[in-house]
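An overview of the molecular structure
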Amino acid sequence: MSENATSSSLRILLVEDDEHDRLAFQRAVKKADFAAQITLCGQAEDAIRELRSDGEVFDLAVVDHRLPGMSGLELCKTLLAEEVPLPLVILTGQGSEALAVKALKVGVEDYIVKTPGKYYLDLLPVVLLEAVRKYQDRIARKQAEETLRADQACFRDMIYNNADGNLIVDSRGIVRLVNPAAQTLFDVEVERLLDQPFGFPLVGNEATEVELVSARRDPVIAEMRSAEMMWKGERVHVVSLRDMTERKIARERDIRRQQELKVKDQFISHVSHELRSPLAAVYEFVTILLDGLAGEIQDQQREHLQTILRNVLQLKTMIDDLLDVSRTQTGKLTVQPRYLSLRETVHGAVESCSGFASAKGITLSTELPDDLPPAYADGQRVQQIVTNLLNNAVKFTPRNGKITIRVGIDENDGDTARQGLGLGLYICKELVSRHGGRIWVDSELKRGSTFYFTLPVFSLEKILGPILTEDNLSGRNLALIDGEGQSYHSRCSITPERQIDRRNRKQDRSFGSN
């Protein structure tokens, strides 16, 4: 049926076998204040064929009850059973009001009683328009109800399939709907939740932490949120419960760990400070005795004092390592990479360990190529790495052994499977990692171990590349200052690629040869 039937020409199917009643109907409609197109059928079978072929052609069907072969009521029942999409109005004779009521009960929109004198014809246009209006309202209401039912089913499915616990709580605080996830969180049967008070205050969409207690398991910590909405014609709260137990346990574990690390850091700092003072005093008095400032000492006494001095220095190193471990765990261990000559760093580490090595008759040697490039690393930290490795090597190398330090270019840029590192080298591993390098050890039974670690090569291009972009260089001045304070100025109106080439040509002059 057309949605704008009453605003345009009303298409009417009239099922009437009486010629006089047909003409009277046509005259009454013609006098109405709306346009109409009337199609005539004399029998019920003709009307059925007409509507089955295309029922949507008409906006209304008016059926006389007294038809040959099939009554008007039977025709209406047939059309309603076939769900013909248009309103039906039945015409009855005077004294057949009971029949009209019966027709209304089966689904006919309205009826008209043929009164003597044709007075019913004056009411005919009004009844027809009202029947169309009621039918359109009923269809719109039905469609709205179907849409609402579909939306409610979709909402219900969404609630039931949600991984979070969901409940619907009415304005009185009574639970009306529970999904399986909520049942799991509460650890009770659904029947014990439905139509029962929810038990928690609902505060808008604000997140609230609640504890769900069950006699069969440990309490569950859940994050609760709620939102108001209309559901089945009433305003309700949709409650969401998300299990936060594991997350809260992990958060509390992290908090405890941070607190423990803080206490540990404070303890280590305090102990280190308390140890450093007497250790410094021992160091000062031992060196005074070794230097002969307190008088001459015998060779055997000198040997004993040197042993004391080595142990003092070793204890100092252990204290420093202990502090570095604490800084590593609290995130305070930092490196400040810069241009670094590895030759000087290695020689400094060898010199600091030479006394310890010579006491065991161990020879320390280095192999440094002439073309060794500079590294991009923290000099103090690299010397600490090398010193720790040397001290470890001296400690486990037999007397009169040999330790060699080799420095070269690592051609392997990929990750390679390596053997694990011992706990004693933990600080070295952390320092190398903070430089972006790798550290590993290869061991061979009865032949010793070889420790390796890598550092990035110093590269001006990699350091300045992100800065020397075309946007940054266009129309600006660049000043390059070397370690001796000499500066080089350039008007940077050239492309970054040319600037990098120009910088590379000045690299030797800026930083000196190694």
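Below you will find a few notes about this structure. Predicted model, so just to flag it, every value in this text is computed and none were measured.

Looking now at the nonpolar core. By size, the foremost hydrophobic cluster in this structure holds 23 residues, and its most contacted members are Leu13, Val15, Leu51, Leu75 and Leu79. Looking at this core, the elements with two or more residues in it are β1 (10-15), α2 (44-54), β3 (60-64), α3 (72-81), β4 (88-93) and α4 (97-106). Setting aside anything within four residues of it in sequence, one finds valine 15 in contact with Cys41, Gln43, Ala44, Ala47, Val62, Val63, Asp64, Leu67 and Leu75.

Below, the discussion takes up the packing of helix α9 (residues 342-359) against helix α10 (residues 379-396). Between α9 and α10, whose axes approach to 9 Å, the crossing angle comes to 35°. Helix-helix and strand crossings are classified by hand; for α9 and α10 the assignment is right-handed. Residues Leu342, Thr345, Gly348, Ala349, Val350, Ser352, Cys353, Phe356 and Ala357 of α9 form the contact with α10, whose participating residues are Gly379, Val382, Gln383, Val386, Thr387, Leu390, Asn391, Val394 and Lys395. For the contact of α9 with α10, the per-class residue count stands at 10 nonpolar, seven polar and one charged.

This brings us to the packing of aromatic side chains. Here the structure, examined in full by the defined rule, presents four aromatic pairs. Aromatic pair phenylalanine 198 and phenylalanine 200: ring centres 5.5 Å apart, planes at 65°, arrangement edge-to-face. Here the aromatic rings of tyrosine 339 and phenylalanine 458 are separated by 5.0 Å at their centres, their planes lie at 85°, and the arrangement is edge-to-face. One end of the pair, tyrosine 339, is in strand β11 (residues 338-340); the other, phenylalanine 458, is in the loop between β16 (448-453) and α12 (460-464), with 119 residues separating them in the sequence. Exposure remark for phenylalanine 458: the relative accessible area of 9% places this residue in the buried category. Here a set of aromatic residues connected by ring pairs shows up, and it is made of Tyr339, Tyr376 and Phe458.

How each quantity is defined
- Residues numbered from 1 in each chain as written.
- Predicted model: local features only at pLDDT ≥ 70, side-chain atom pairs only at ≥ 80, totals over all residues.
- Heavy atoms only, no water.
- Core = buried A, V, L, I, M, F, W, Y, C linked by side-chain atoms within 4.5 Å.
- Buried < 20%, exposed > 50% of the residue type's maximum accessible area, 1.4 Å probe, protein only.
- Helix = DSSP H or I, 4+ residues; strand = E, 2+ residues; numbered from the N terminus.
- Contact = heavy atoms within 4.5 Å.
- Axes fitted to C-alpha atoms, helices over the stretch in contact; angles between N-to-C directions.
- Left-handed = near helix turned anticlockwise from the far one by under 90°.
- Nonpolar A, V, L, I, M, F, W, Y, C, P; charged D, E, K, R; others polar.
- Phe/Tyr/Trp six-rings, centres within 6.5 Å; stacked < 30°, edge-to-face > 60°.

Honestly, that's just the spatial picture; any functional story needs more than this.
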